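The lines below spell out each chain.
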Amino acid sequence: MKIKRIIDMGILVSCMESALRLYTDDLGLRLQRREAFQGVADIAFLPVGATELEIISDLPPAKEVSSLIAEKGEGVHHIAFEVDNIPEAMKELKEKGISFREPEPKPGAHGTLTAFMDPRSTHGVLIELVQIGL
């Protein structure tokens with residue numbers, strides 16, 4: 001398995017509009033696109049070089065993001081690494097003792113395939129593997 005790059009960092013926020021003002025107006029980043037993901041999350045994508053920030057908030061009436069924020073607070077949710085082949089990467093990592101939240105990869109935002117490692121296997125960091133171009 002070869003990690004190609006950090007593809008994104010997901011950041012959970014309570015208020016999307018306030019967060020976008022910070023990242024665009026104050027920090028000067030550009031909003032590239034915004035996506036309603038699976039009817040539960042509003043995700044804004046802001047490129048920073050070859051990496052993106054994913055700003056994530058609830059898409060009303062969903063409360064999944066709010067529940068995560070109530071548990072752990074606003075802030076970095078995950079780091080995503082791009083790989084060429086998620087099934088192969090998962091097999092290799094499982095052989096090394098790393099566990100995953102789900103046994104199989106799932107469809108992700110903008111046509112990707114994703115798999116999240118269990119943070120108990122990664123020193124408390126939620127790591128996502130992303131395969132682009134299925």
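This is a predicted model, so every value here is computed, not measured.

## Focus: the pairing of strand β7 (residues 113-116)
Turning to step 1, where the next piece is worked out: Pairing between strand β6 (residues 106-107) and β7: 2 bridges, direction antiparallel. When the bridges of β7 are listed, K106 appears paired with T114.
Turning to step 2, where the next piece is worked out: The turn joining β6 and β7, which pair antiparallel and follow one another in sequence, is formed by 5 residues; a positive phi near 40 degrees is taken by H110.
Turning to step 3, where the next piece is worked out: Pairing of β7 with strand β8 (residues 127-131), which is carried by 4 bridges, proceeds in the antiparallel orientation. Note on β8: the bridge partner recorded for T114 is V130.

## Notes on the pairing of strand β1 (residues 5-12)
Turning to step 1, where the next piece is worked out: Two strands pair when backbone bridges link them, and β1 and strand β5 (residues 75-82) are joined in this way by 7 bridges, in the antiparallel orientation. For G10, the partnering residue across the bridge sits in β5 and is H78.
Turning to step 2, where the next piece is worked out: For β1 and strand β4 (residues 51-58), the ladder comprises 5 bridges, and the chain directions are parallel. Pairing of I11 across the sheet is with I55, part of β4.

## Some details on unusual backbone geometry
Turning to step 1, where the next piece is worked out: With omega at 10 degrees, the peptide bond leading from P60 into P61 counts as cis.
Turning to step 2, where the next piece is worked out: Within the fold, P61 resides in the loop between β4 and α2 (64-72).
Turning to step 3, where the next piece is worked out: Backbone geometry at Q38 places phi at a positive 50 degrees, although glycine is not the residue there.
Turning to step 4, where the next piece is worked out: Structurally, Q38 is set in the loop between β2 (33-37) and β3 (41-48).
Turning to step 5, where the next piece is worked out: Its identity as a non-glycine residue notwithstanding, H123 has a phi of 55 degrees, on the positive side.

Conventions adopted
- Residues numbered from 1 in each chain as written.
- Predicted model: local features only at pLDDT ≥ 70, side-chain atom pairs only at ≥ 80, totals over all residues.
- Heavy atoms only, no water.
- Pairing = 2+ DSSP bridges.
- Helix = DSSP H or I, 4+ residues; strand = E, 2+ residues; numbered from the N terminus.

Read these as geometric descriptors, not functional statements.
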